[in-house]
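Okay, here's what each chain looks like letter by letter:
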Amino acid sequence: MSHAASATDRQNEDDLYAIAEATLPGASLGGYSLPKDLRFIIREGRGGRLVSVEGREYVDYVCGAGATIIGHGHPAVIEAVKERASKGLHFFGTLNDAAVELADVLVTAIPCAERIIFTTTGSEATAYAMRIARAVTGKPKILKFEGAYHGNHDYASFSQFPVRPANYPSATSDIGGVPEALQDTMLIAPYNDLETVESILSEHAGDTAAIIVEPVQRIIFPKLGFLDGLRELADKYGVLLIFDEVVTGFRLSYGGAQDYYGVTPDLASYGKIVGGGGPLGCVGGRADLLDATNPNRKGRADYAYVNGTLHGNPIAAVAGLATLRVLQEPDFYQNFHTRADRFRAAFVDVLARQGLPALVAGQASFWQLLFTDAPPVNQMDVLASDQSRSSALDLSLLRNGVYVLPNVRRFFSAAHTEEDLEVTLSALETACKAQV
Ligand SMILES: Cc1ncc(COP(=O)(O)O)c(C=O)c1O
């Protein structure tokens, strides 16, 4: 990989880690901190691979937390960003043409979206979707699922990383700094359990604005009828349905989970792929709901304030537009998913040959190795799997040049090649041998 020398290239990883240890808590960008003997600093990404500052190469299944569905440095995306950057990096207050063009593409692509509002991140998108639901309905509570991740804000931080079942529907936060006063605004139900959702709604619908759900919760796929069931219950009890499509949007299919499962929510939050790896998210939904954010409503009780310096950033917008154009190529998803099936099947073969009692969870472009008998149906199933064993296996993959985060759901990108598969299979074989 050739590249122009930069200040970073001239430093070695030890120097950079010395700076990082002194400046960044846990020498981390937040959320994850790899063991010292396995951590690395990324210099660049190309296709399905990453290269560290020291020149080590990794097959990358973290894929920018799912943002880089067509791989790193796709020429169409890079070209669009370069061209746009020459016209200015950011503006504010009035519209820019790239954001308007992306809004048009998004309302066409997203089944529930008659209107779009832009955000900078997926977290903001879920927070705004909840605010819109509360502003429009005038009701305070939101029902979320145990173990669902909706981002970093306080409302999302209930039953986010649970270690034991909740006392449904009571919400408790599993992180510090979240005001107890918010506890009463969130309701918790186990994923894939319509009966519990109905029993909660039958009691709380009068003050519940919405249900928010990850259509695929981490590595847990919805049981047949679960999402349709949520739609029916939402309608029956007069609450809104929010799909958090920050991960599933443009990943399961061009129309996201809504298209893949044929269920249309009232509101949906997006991030990651919509910005093509740049800082951009959005909320899409019914016009009567999204119009609550119309700034001409300022001063009204049903006005849901939405604003952010970087909202609709033109660089992220053109990266998103270029990415979405690639995703619209004929048979993109069919080819992508067929290849993902083949990769997963090859992983299964290695596990079986090595006699490891693990399964390859996942469908479409999602995957994760779990030591358990059957694909998980809810968060407690995931916790019941042997997490220390899967973590050891994941770390072993990392040691052998495959970038995964321990016990975190991972992705295939459209840029992964047969060579990447070979490297992964050989790493998996070595990792399995280290386990037995
Ligand atoms: C389902 C889901 N919702 C929301 C978020 C938050 O998005 P962001 O990290 O862009 O704030 C994430 C991030 O991984 C996510 O997976």
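Placed above this text is the structure.
Just so it is clear, the model here is predicted, and its values are computed rather than measured.

**Q** Describe the sheet that holds strand E14 (residues 410-411), with residues and values.
**A** Ordered by their spatial adjacency, 3 strands build an open sheet running E11-E12-E14, and the pairing between neighbours is antiparallel. Each having just a single partner strand, strand E11 (359-361) and E14 make up the two edges of the open sheet. Relative to E14, strand E12 (residues 366-370) is paired through 2 bridges, and the arrangement is antiparallel. From the neighbouring strand, Trp367 faces E14, where its bridge partner is Arg410.

**Q** Summarise the sheet that holds strand E7 (residues 208-213); cite the residues concerned and give the values.
**A** With mixed pairing, 7 strands are arranged side by side in an open sheet as E4-E10-E9-E8-E7-E5-E6. Of all strands in the sheet, those with a lone pairing partner are strand E4 (115-119) and strand E6 (186-189), marking the two edges. Across this sheet, the average inter-strand angle for adjacent strands is 20°, counted without regard to direction. For strand E5 (residues 141-145) and E6, the ladder comprises 4 bridges, and the chain directions are parallel. In the strand pairing of E6, Phe145 is matched with Ala189. Relative to strand E9 (residues 267-270), helix H5 (residues 122-137) is tilted by about 160°, and along the sheet it contacts E4, E5, E6, E7, strand E8 (240-244), E9 and strand E10 (281-285).

**Q** Break down helix H4 (residues 97-109) for me, citing the residues and quoting the values.
**A** Compared with an ideal rise of 1.5 Å per residue, which puts 13 residues at 18 Å, H4 spans 19 Å between its outermost C-alpha atoms and is within 8% of the ideal. Of all the residues in H4, the buried ones are Ala98, Ala99, Leu102, Leu106 and Ala109. Down the axis of H4, the buried side of the element spans an arc of 90°, and every buried residue falls inside it. The exposed set on the far side of H4, more than 90 degrees from its buried face, consists of Asp97, Asp104 and Thr108. In the core, the buried residues of H4 are packed alongside helix H3 (75-85), E4, E10 and helix H10 (314-327). For H4, the side-chain oxygen to backbone nitrogen distance between the N-cap and Ala98 is 3.2 Å, and the N-cap itself is Asn96.

**Q** Which residues make up the site of the ligand, and what values do they have?
**A** Taken together, Thr121, Gly122, Ser123, Tyr149, His150, Gly151, Glu214, Arg218, Asp244, Val246, Val247 and Lys272 form the complete shell of residues around the ligand. Gly122 places a polar main-chain atom, nitrogen or oxygen, 2.9 Å from an oxygen atom of the ligand. Between the ligand and the protein, one listed contact pairs an oxygen atom with a side-chain N or O atom of Ser123 at 2.5 Å. For the ligand, the protein covers 83% of the area, taking 390 Å² as the surface of the free molecule.

**Q** Help me get a handle on the pattern of salt bridges, residues and values and all.
**A** A full pass over the atoms with the stated rule returns 23 salt bridges. Here Arg286 ties to Asp288 by a salt bridge, and the two come within 2.7 Å at their closest N and O atoms. Overall, the relative accessible area of 44% leaves Asp288 in the partly exposed class. Of the charged contacts, one joins Asp302 and Arg300 as a salt bridge, the two residues approaching to 3.0 Å between their closest N and O atoms. A network of salt bridges, in which partner residues are shared, links Arg231, Asp235, Asp266, Arg286 and Asp288.

Reading the values: rules and limits
Per chain, residues are indexed from 1 in the order of the written sequence. Reporting of local features is limited, given that this is a predicted model, to residues whose pLDDT is at least 70; pairs of side-chain atoms are given and counted only at 80 or more, and all residues count toward the totals for whole chains, interfaces and linings. With hydrogens and water set aside, each side-chain value is computed from the structure's full complement of heavy atoms. A pair of strands is considered paired only if DSSP assigns at least 2 bridges between the two. In this description a helix means any DSSP run of H or I spanning at least four residues, a strand means any run of E spanning at least two, and both kinds are numbered starting from the N terminus. Helix axes are fitted only over the stretch in contact, all axes being lines through C-alpha atoms; the angle between N-to-C directions runs from 0 to 180 degrees. Between two residues, a contact is recorded if the distance between any of their heavy atoms is within 4.5 Å. Every helix has an expected span of 1.5 Å times one less than the residues it contains. Think of it in three bands: residues with accessible area under 20% of the maximum for their type are buried, residues over 50% are exposed, and the middle band is partly exposed, with areas taken using a 1.4 Å probe on protein chains only. The arc in question is the one spanned by the directions pointing from the helix axis to the C-beta atoms. Pairs of N or O atoms within 3.5 Å make up the polar contacts considered here, provided that, within protein, one atom can donate a hydrogen while the other can accept it, and that residues adjacent in sequence are counted only when both atoms are side-chain atoms. Proximity is defined per residue: any heavy atom of the residue falling within 4 Å of a molecule or strand makes that residue near it. Note that accessible areas follow from Shrake-Rupley with a 1.4 Å probe, and for residues the cover is restricted to the protein chains shown. When a carboxyl oxygen of Asp or Glu lies within 4 Å of a side-chain nitrogen of Lys or Arg, that pair is called a salt bridge.

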